[in-house]
Amino acid sequence: MTAAPTALRRAGRDAIVLLLFSVAFTSLLAASHGLTAERIRHVEQAAKEAQLAQVLPAGGFDQSLLPQRRPLAAGLLGNRQPAFYYRALRAGQVQAVVLEATATGYGGPIQLLVGIGRDGRILGIRVPMHKETPGLGDYIDPARSDWNRQLLGQGAAAHWRVRKDGGDFDARAGATISPRAVLATVQDSLRWASSQPQLWQENER
Amino acid sequence: MRWPIGKSELRELLFNGVWRQNGGLVQVLGMCPVLVMSNSLVNGVSLGFATAGVMLISGSAIAALRHWVPNELRTPIFILIVAALVTMVDLLFKAYLHGLYSVLGIFIPLITTNCIVLARAEAYASRNGVLAAACDGLFMGLGLALVLAVLGGLRELLGQGTLLAGADLVFGPAARGWVLHALPAGWDYQFLPMLLPPGAFFGLALLIAAKSALDRRAARRKAAP
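Note that this is a predicted model, so its numbers are computed, not measured.

Chemist: Help me out: how do you make sense of the overall build of chain B in this one?
Modeler: Tallying secondary structure elements over chain B gives 10 helices and 2 strands in all. Reading the secondary structure of chain B in the N-to-C direction produces α-α-α-α-α-α-α-β-α-β-α-α. By the compact-globule yardstick of 17 Å for 225 residues, chain B fits well, its C-alpha radius of gyration being 19 Å. The principal-axis extent of the C-alpha atoms belonging to chain B is close to 60 × 60 × 35 Å. Burial analysis of chain B (225 residues in total) assigns 45% to the buried set.

Structure follows, in structure tokens:
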């Protein structure tokens, strides 16, 4: 019965060592989180603001977009996650809105940012996230190709389908699922924006 | 004060890390980030340097603390140290290098699970001095970065005919013009197998074969008078 106390003592010592290491490194983590949290929040906001500004013409607004963030009703515009829209104000007047929308592509959800002007025309489109096949359906991403340039300036009057389906827009042969999804969602966004008069009112009453 | 590590030892560590025991080509460790992030030169080099940085820090930290770590608790404590350091690097990247962070994304936290970090902690840092372990970590990391750079460059060149695409995410918008086109940009050249995961395996296999061929030729030369 001499082995038991030493084994116990060893286990106790090991537990204390492990505890001390955990406490030391957790405090180190807490400290670095505390030191960087403020800056990370700042940087992320700036990145979001810059991303939103990409779908709007330069100089189209003179107020920060993030304070103009408003929630979109759940399930609207294909969004399965809570989504928002942003209002771009210049001289106190709403010039444009940026909508977060989600299309269902070939590889899964395609997240879209759709900029719509006061006149009901598309100002810009960005694709923050998609899972379309590289080299096939991913040309809907403006980082990959100029495909969605043809959507700029279009409004509700356009036929929001690919040419193959009798619409106004070109698509690459053999890869029409992704553009179909994007076009349908952009059309939904346009319809929704024009059906919401309060979107364009400064005081939102 | 005596420099605690000799010149020949240092040369040995460098040669081991970059060539003889290369993490990517010989030990074949840490393949998950290597295969995924090697689709372009910029991605590969970024991840390579991030890993080298983590290995430098984790090697020195583990060597410095090695006398306080009971033998049977080595693995959990090393994992704890590596994970904490990687999370700190992750936070720093997020705060100060946000462009690069958006490229590497999930793969910075995944450096924790990169076996090569823990393998070097176990095999080297737990038995050697701080400076030697720091050098070992750095050189092993640089060896991996070199593989990632060559593999990334190869896949980018064969896959989309460019080099340095995406440099603007690391160096700012000024770097947008750095992209080198092997073929006219208007051709829209793409060879998908190289960009998709199979290309990573083909490329890595080619590199491993090339390294073996070079080693064998060197051995033959040595043998022949």
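Chemist: Whenever I open this one, the overall build of chain A confuses me. Can you help?
Modeler: Across its full length, chain A holds 2 helices and 5 strands. Each helix (α) and strand (β) of chain A, taken in turn from the N terminus, gives the series α-β-β-β-β-β-α. For chain A, whose C-alpha radius of gyration is 25 Å, the value lies well above the compact-globule estimate of 17 Å for 205 residues. Considering only C-alpha atoms, chain A reaches an extent of 90 × 45 × 30 Å along its principal axes. Once local pairs closer than 6 in sequence are excluded, the contacts in chain A between residues at least 24 apart make up 47%. Accessible area of chain A: about 11200 Å², with a carbon and sulfur share of 56%. Here chain A contributes 24 positively and 17 negatively charged side chains, and the mean placements of these two sets differ by 5 Å.

Chemist: Can you walk me through the interface of chain A and chain B in this structure?
Modeler: How big an interface is tends to be stated in terms of accessible area lost as the parts join. At the interface, 22 residues of chain A touch 24 residues of chain B. Of the roughly 2000 Å² buried where chain A meets chain B, counting both sides, 75% is carbon and sulfur surface. Considering only the surface of chain A that becomes buried against chain B, Phe21(A), Phe25(A) and Leu29(A) emerge as the three largest contributors, covering 27% of it. Our count for the chain A to chain B interface comes out at 1 salt bridge.

Chemist: Hey, could you run me through the nonpolar core in this one?
Modeler: Considering soluble globular proteins, one finds that nonpolar side chains tend to be buried as a cluster. Formed by 51 residues in total, the largest nonpolar core has its most connected members in Phe21(A), Ile62(B), Ile77(B), Ile81(B), Phe93(B), Leu104(B) and Leu204(B). Every element with two or more residues in this core is listed here: α1 (3-53) of chain A together with α2 (31-37), α3 (41-65), α4 (74-96), α5 (98-104), α6 (115-125), α7 (130-160) and α10 (197-223) of chain B. Residues in contact with Leu104(B), not counting those within four places in the same chain, are Met37(B), Asn43(B), Ser46(B), Leu47(B), Ala50(B) and Phe93(B). Counting 35 residues, the second largest nonpolar core, distinct from the first, contains Ala101(A), Ile122(A), Phe169(A) and Trp192(A).

Chemist: Mind showing me how you'd approach the sheet that holds strand β4 (residues 109-117) of chain A here?
Modeler: Strand pairing in a sheet takes place through backbone hydrogen bonds and is either antiparallel or parallel in direction. Residues and elements named next belong to chain A. As summarised here, the arrangement of the 5 strands in space is β1-β2-β3-β4-β5, forming an open sheet in which the pairing is antiparallel. Both outer strands of the open sheet, β1 (69-71) and β5 (122-129), are each paired with one neighbouring strand and no more. The mean angle between the axes of side-by-side strands here comes to 25 degrees, regardless of whether they run parallel or antiparallel. Across 9 bridges, strand β3 (residues 93-104) lies against β4 in antiparallel orientation. In the sheet register, alanine 101 faces β4, and the bridge partner there is leucine 112.

Chemist: In this structure, what is going on with the pairing of β3(A)? I would like to understand it.
Modeler: Looking along a regular strand, one sees side chains alternate from face to face of the sheet. Residues and elements named next belong to chain A. Along β3, 10 of the 12 residues are buried, which leaves the element largely enclosed by surrounding structure. With 6 bridges connecting them, strand β2 (residues 84-90) and β3 associate as antiparallel partners. Residue pairing in the sheet places tyrosine 86 in a bridge with valine 98 of β3. Between the end of β2 and the start of β3, which pair antiparallel, lie 2 residues, with alanine 91 showing a positive phi angle near 50 degrees. In this antiparallel pair of consecutive strands, β3 and β4, the connection spans 4 residues, and glycine 108 shows a positive phi of 135 degrees.

Chemist: So what exactly am I meant to see when it comes to the pattern of salt bridges here?
Modeler: Side-chain pairs of opposite charge can arise where the charged atoms are in close proximity. Tallied over the entire structure, the rule returns 10 salt bridges over all chains. The residue Asp146(A) makes a salt bridge to Arg149(A) at a minimum N-O spacing of 3.7 Å. By relative accessible area, which is 54% here, Arg149(A) ends up exposed. Across the pair Arg74(B) and Glu122(B) runs a salt bridge whose closest N-O atoms are separated by 2.6 Å. Taken together, the residues Arg74(B) in helix α4 and Glu122(B) in helix α6 connect sequence positions 48 residues apart. Glu122(B) sits in the partly exposed class, given a relative accessible area of 25%.

Chemist: How should I be thinking about a nonpolar patch on the surface in this particular structure?
Modeler: On the surface, a cluster of nonpolar side chains totalling about 300 Å² of accessible area is made up of Leu92(B), Tyr96(B) and Leu97(B). Turning to its location among the elements, Leu97(B) is positioned in the loop between α4 and α5.

Chemist: Just checking my understanding: could you explain the packing of aromatic side chains for this structure?
Modeler: The geometry of two aromatic rings is summed up by the distance between their centres and the angle between their planes. Residues and elements named next belong to chain A. What the rule picks out here adds up to 4 aromatic pairs over all chains. With centroids separated by 6.4 Å and ring planes inclined at 10 degrees, the aromatic side chains of phenylalanine 21 and phenylalanine 25 adopt a geometry described as stacked. A residue pair is termed a helical-turn pair when its members lie 3 or 4 positions apart in one helix, as phenylalanine 21 and phenylalanine 25 do in helix α1 at 4 residues. Where tryptophan 160 meets phenylalanine 169, the ring centres are 5.0 Å apart and the plane angle is 35 degrees; that geometry is what we call tilted. A relative accessible area of 4% means that tryptophan 160 is categorised as buried. Over the aromatic face of phenylalanine 84 sits the side chain of arginine 69, whose NZ or CZ is 3.7 Å from the ring centroid.

Chemist: Any chance you could explain helix α1 (residues 7-20) of chain B here in plain terms?
Modeler: One full turn of an α-helix is made of 3.6 residues, so residues set three or four places apart face in the same direction. All names here are of chain B. Under the 1.5 Å per step criterion, the end-to-end length of α1 is 18 Å for 14 residues, consistent within 8% with the ideal 20 Å. Among all positions in α1, only Leu13, Asn16 and Gly17 are buried. Projected down its long axis, α1 shows its buried positions confined to an angular sector of 90 degrees, all on one face. When the buried face of α1 is taken as reference, the exposed residues oriented beyond 90 degrees from it are Lys7, Ser8 and Arg11. Turning to α1, the residues buried within the fold contact α6 and α7.

Chemist: Hey, could you run me through α3(B) in this one?
Modeler: With 25 residues, α3(B) ought to run about 36 Å at 1.5 Å a step, and its terminal C-alpha atoms sit 36 Å apart, in line with that. The element α3(B) is largely enclosed, with a buried count of 18 among its 25 residues.

Criteria and thresholds
- Residues numbered from 1 in each chain as written.
- Chains lettered and ligands numbered in written order.
- Predicted model: local features only at pLDDT ≥ 70, side-chain atom pairs only at ≥ 80, totals over all residues.
- Heavy atoms only, no water.
- Helix = DSSP H or I, 4+ residues; strand = E, 2+ residues; numbered from the N terminus.
- Rg over C-alpha atoms; globule rule 2.2 N^0.38 Å.
- Buried < 20%, exposed > 50% of the residue type's maximum accessible area, 1.4 Å probe, protein only.
- Contact = heavy atoms within 4.5 Å.
- Areas by Shrake-Rupley, 256 points an atom, 1.4 Å probe, with all protein chains shown as cover.
- Lys, Arg positive; Asp, Glu negative; His and termini not counted.
- Charge placed at Lys NZ, Arg CZ, Asp CG, Glu CD.
- Buried area = accessible area lost by both parts, 1.4 Å probe.
- Salt bridge = Lys/Arg side-chain N within 4 Å of Asp/Glu carboxyl O.
- Core = buried A, V, L, I, M, F, W, Y, C linked by side-chain atoms within 4.5 Å.
- Pairing = 2+ DSSP bridges.
- Axes fitted to C-alpha atoms, helices over the stretch in contact; angles between N-to-C directions.
- Patch = residues over 30% accessible without salt bridge, like charges linked within 9 Å, V, L, I, M, F, W, Y side chains within 5 Å.
- Phe/Tyr/Trp six-rings, centres within 6.5 Å; stacked < 30°, edge-to-face > 60°.
- Lys NZ or Arg CZ within 6 Å of the ring centre and 35° of its normal.
- Expected span 1.5 Å × (residues − 1).
- Arc of directions from axis to C-beta.

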